[in-house]
Amino acid sequence: MEEEDLVVISRSIVIPRNAKKSSSSKKKIHVLPWDLSRLRFGYLQRGLLFSRPYPKIDIVLSRLQTSLSLALDRFYPLAGRLVKTKNDDDTVSFYINPDGSGVEFVHAVARNIEVSDILRLSTSFSSFFPATGVKNCNGVSRSLLMVQVTEMKDGIFIGFGYNSTVADGDSIWKFLNAWSEICSKGLVSEAACLRRLQLKGWFFDEIDYPIRIPDPEAKPATVTASSSLLQELMFHVTKENALKLEAKANDEKVSSFQAALAHIWCSMVKHSGMSREEETYCRLPIDMRRRLSPPLEEDCFGNVSQTGIARVTVGELMDNGLGWAAGKINEMERSQTHENAVASAEKWVRDVKIPVSVGSRDLVVTSSHRFDVYGNDFGWGKPIAARAGPPYVCGRMVVFQGVEEGSLDFQACLHPQVVEKLSEDVDFKEFVSL
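Residues numbered from 1 in each chain as written. Predicted model: local features only at pLDDT ≥ 70, side-chain atom pairs only at ≥ 80, totals over all residues. Heavy atoms only, no water.

In the nomenclature of an unreviewed UniProt entry, the protein corresponds to Acetyltransferase from the organism Brassica oleracea.

Below, the structure is given as structure tokens:
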């Protein structure tokens, strides 16, 4: 898609309905090592695709903005800003100020783009997302949540970007679920926004806060490879094939998701051109809410996930196959305990590292198949697809629940030569459709 195919019609700020009444009573939110380590990463961006019929666009926009204002009353951290404090030792500290500054809301039109283009990923639609190029550390001046509604030839796309210092995937999708319910049911669901939001708080007792770190904006970011050299595509695994892979893994501890992920990991590395001695990593976000001691509430809001990393050599992966790889992913997930989280956080504070991106040959999994994507009915029917936006990083795989119950969708970003080899790999395509 050419940039001129999309025209921005309007930009506005949506504030919580009761922002003026309640902002002064909201306490600042301290950030954890998990949050700080993401400061130089871009906003995570997701979107929902809807096909006709739906109301006239003026009605759609009015409903979305009104219900967003109501939803932000409860999910008020999303309407705040990140605050950076300069310390007297040339370090900086951050916290989230839930001041009700509001959320950026964009209305755009791309009348030459069809629903089928988005479904096939046959055109670049990065401009459908509102936070492209925005880093988490930019949250001091940009809203922590951004929304864009794009009119298409035969559908609409609701794209959003969010700062991962304020929320993880679990929290952001629960917010989306609440927002869509308010939009579709109106005041019937308003009571849901009156419930007190459970914040994650500070649970690293051995670490002093606010944490002092080098200014993440002082060091220029390393230039990464152009995303134009990469290719986006969808992998689909049916429920039946996921269960077949689970059985093939032949390990009762392994889930069907872990088996499907291991199958993709093995296949990608097989065609990567890496030597047997090189290490390959599978990075996976782990929800720590119920793993901490004492555990947090399941609906606790915030960024409460840490990255688990399964490390193996290419030779080990190729020699041992699916069941072994799935077992390594399972082993890594089970190792994410309260003690592990505390030790990792304390180590990070002693040796602060704020990366720009992850390795170009890692399998970087984001999101989760457990998030309720297709329950987001804003009043004109459920979405027909979910998609991820920039930043595009080689090896990135965004996981969504599939449209069919129990199925899995993976939006992958790979080098074209790897895509070509996967498309010809009979063993890979036995369980995965492209």
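We are not done yet, so read on.
**Student:** Just to check I follow, could you spell out the pairing of strand β5 (residues 92-97) for this structure?
**Tutor:** Every regular strand shows the same layout, with side chains that alternate between the two sheet faces. Sheet topology places strand β2 (residues 29-30) next to β5; two bridges connect them, and they run antiparallel. Of the residues in β5, the one forming a bridge with Ile 29 is Ile 96. Of the pairings in the sheet, the one linking strand β4 (residues 81-86) to β5 comprises six bridges and is antiparallel in character. The residue of β5 that forms the bridge with Lys 84 is Phe 94. Hairpin remark: β4 followed by β5, antiparallel, with five residues in the connecting loop; positive phi at Asp 90, about 65°. (Pairing = 2+ DSSP bridges. Helix = DSSP H or I, 4+ residues; strand = E, 2+ residues; numbered from the N terminus.)

**Student:** Would you mind going over helix α10 (residues 416-423) with me for this structure?
**Tutor:** Residue pairs three or four apart in sequence face the same way in an α-helix, which turns once every 3.6 residues. Every buried residue of α10 is listed here: Val 418, Val 419 and Leu 422. Buried residues of α10, seen end-on, are gathered within an arc of 100° and therefore sit on one face of the element. Those residues of α10 that are buried are in contact with β9 (231-237), α7 (256-270), β15 (408-414) and α11 (426-429). (Buried < 20%, exposed > 50% of the residue type's maximum accessible area, 1.4 Å probe, protein only. Arc of directions from axis to C-beta. Contact = heavy atoms within 4.5 Å.)

**Student:** How do you make sense of the state of the cysteines when you look at a structure like this?
**Tutor:** A disulfide bridge is the covalent bond that connects two cysteines by way of their sulfur atoms. Tallied over the full model, the rule gives zero disulfides. Just so you know, Cys 282 is unpaired, no disulfide at all, and the nearest cysteine sulfur is the one on Cys 266, 9.9 Å from it. By relative accessible area, Cys 282 is classed as buried at 0%. (Disulfide = S-S within 2.5 Å.)

**Student:** Just to check I follow, could you spell out the domain arrangement of the protein for this structure?
**Tutor:** A common measure of how large an interface is: the accessible area buried when the components associate. Segmenting the protein into domains produces domain 1 (7-213) and domain 2 (231-433). Put simply, the middle of domain 1 and the middle of domain 2, counted by C-alpha atoms, are 24 Å apart. Tallying the contact residues gives 64 residues for domain 1 and 56 residues for domain 2. When the two sides are added together, the surface that domain 1 and domain 2 hide from each other amounts to roughly 5,000 Å², 66% of it contributed by carbon and sulfur. Counting every contact that joins domain 1 to domain 2 gives 26 residue pairs in polar contact (both at pLDDT 80 or more). Those elements giving two or more residues to the side of domain 1 that touches domain 2 turn out to be α2 (33-36), β3 (44-51), α3 (57-74), α4 (115-120), β8 (155-162) and α5 (169-185). With 12 residues, α5 is the single largest residue contributor to the side of domain 1 that touches domain 2. Class assignment of the residues belonging to the side of domain 1 that touches domain 2 gives a composition of 39 nonpolar, 14 polar and 11 charged. (Domains from an automatic or database assignment. Buried area = accessible area lost by both parts, 1.4 Å probe. Polar contact = N/O pair within 3.5 Å; in protein donor to acceptor, adjacent residues only side chain to side chain. Nonpolar A, V, L, I, M, F, W, Y, C, P; charged D, E, K, R; others polar.)

**Student:** For this particular structure, what's the right way to read the sheet that holds strand β11 (residues 305-313)?
**Tutor:** Hydrogen bonds along the backbone pair up the strands of a sheet, which may run parallel or antiparallel. Within the open sheet, the six strands sit side by side as β9-β15-β14-β12-β10-β11. Their pairing is mixed. The open sheet has two edge strands with one neighbour each: β9 and β11. Neighbour-to-neighbour, the strand axes of this sheet turn through a mean angle of 20°, independent of strand direction. Contacting β10 (279-287) and β11, helix α8 (residues 314-334) runs over the sheet at an angle of about 155° to β11. (Axes fitted to C-alpha atoms, helices over the stretch in contact; angles between N-to-C directions.)

**Student:** Help me understand the sheet that holds β4, please; the structure alone is not making it clear to me.
**Tutor:** Ordered in space as β2-β5-β4, the three strands form an open sheet in which the pairing is antiparallel. Only two strands of the sheet have a single partner each, and these edge strands are β2 and β4.

**Student:** Any chance you could explain α7 here in plain terms?
**Tutor:** With 15 residues, α7 should reach 21 Å at 1.5 Å per residue; the first-to-last C-alpha distance of 21 Å fits that figure. With 13 of 15 residues buried, α7 is to be regarded as a mostly interior element. (Expected span 1.5 Å × (residues − 1).)

**Student:** Looking at this structure, I do not really get the packing of aromatic side chains. What am I missing?
**Tutor:** Tallied over the entire structure, the rule returns 20 aromatic pairs. Seen in terms of ring centroids, Trp 34 and Phe 203 are 5.7 Å apart; in terms of plane orientation they differ by 55°. Their pairing is tilted. Remark: Phe 203 occurs in the loop between α5 and β9 and Trp 34 occurs in helix α2; sequence separation between them is 169 residues. When its relative accessible area of 14% is taken as the criterion, Phe 203 is described as buried. Ring centres of Phe 128 and Phe 157 lie 5.7 Å apart, and the angle between their planes is 65°; on these two criteria the pair is classed as edge-to-face. (Phe/Tyr/Trp six-rings, centres within 6.5 Å; stacked < 30°, edge-to-face > 60°.)

**Student:** What is the right way to look at the packing of α7 against α8 in this model?
**Tutor:** Two quantities define a packed helix pair, namely the angle between the axes and the distance from one axis to the other. Their axes nearest at 9 Å, the elements α7 and α8 cross at an angle of 145°. The handedness of the crossing between α7 and α8 comes out as right-handed. Facing Gln 258, Ala 259, Leu 261, Ala 262, His 263, Trp 265, Cys 266, Val 269 and Lys 270 of α7, the residues of α8 in contact are Val 314, Leu 317, Met 318, Gly 321, Leu 322, Ala 325, Ala 326, Ile 329, Asn 330 and Glu 333. Of the residues in the contact of α7 with α8, the class split is 13 nonpolar, four polar and two charged. (Left-handed = near helix turned anticlockwise from the far one by under 90°.)

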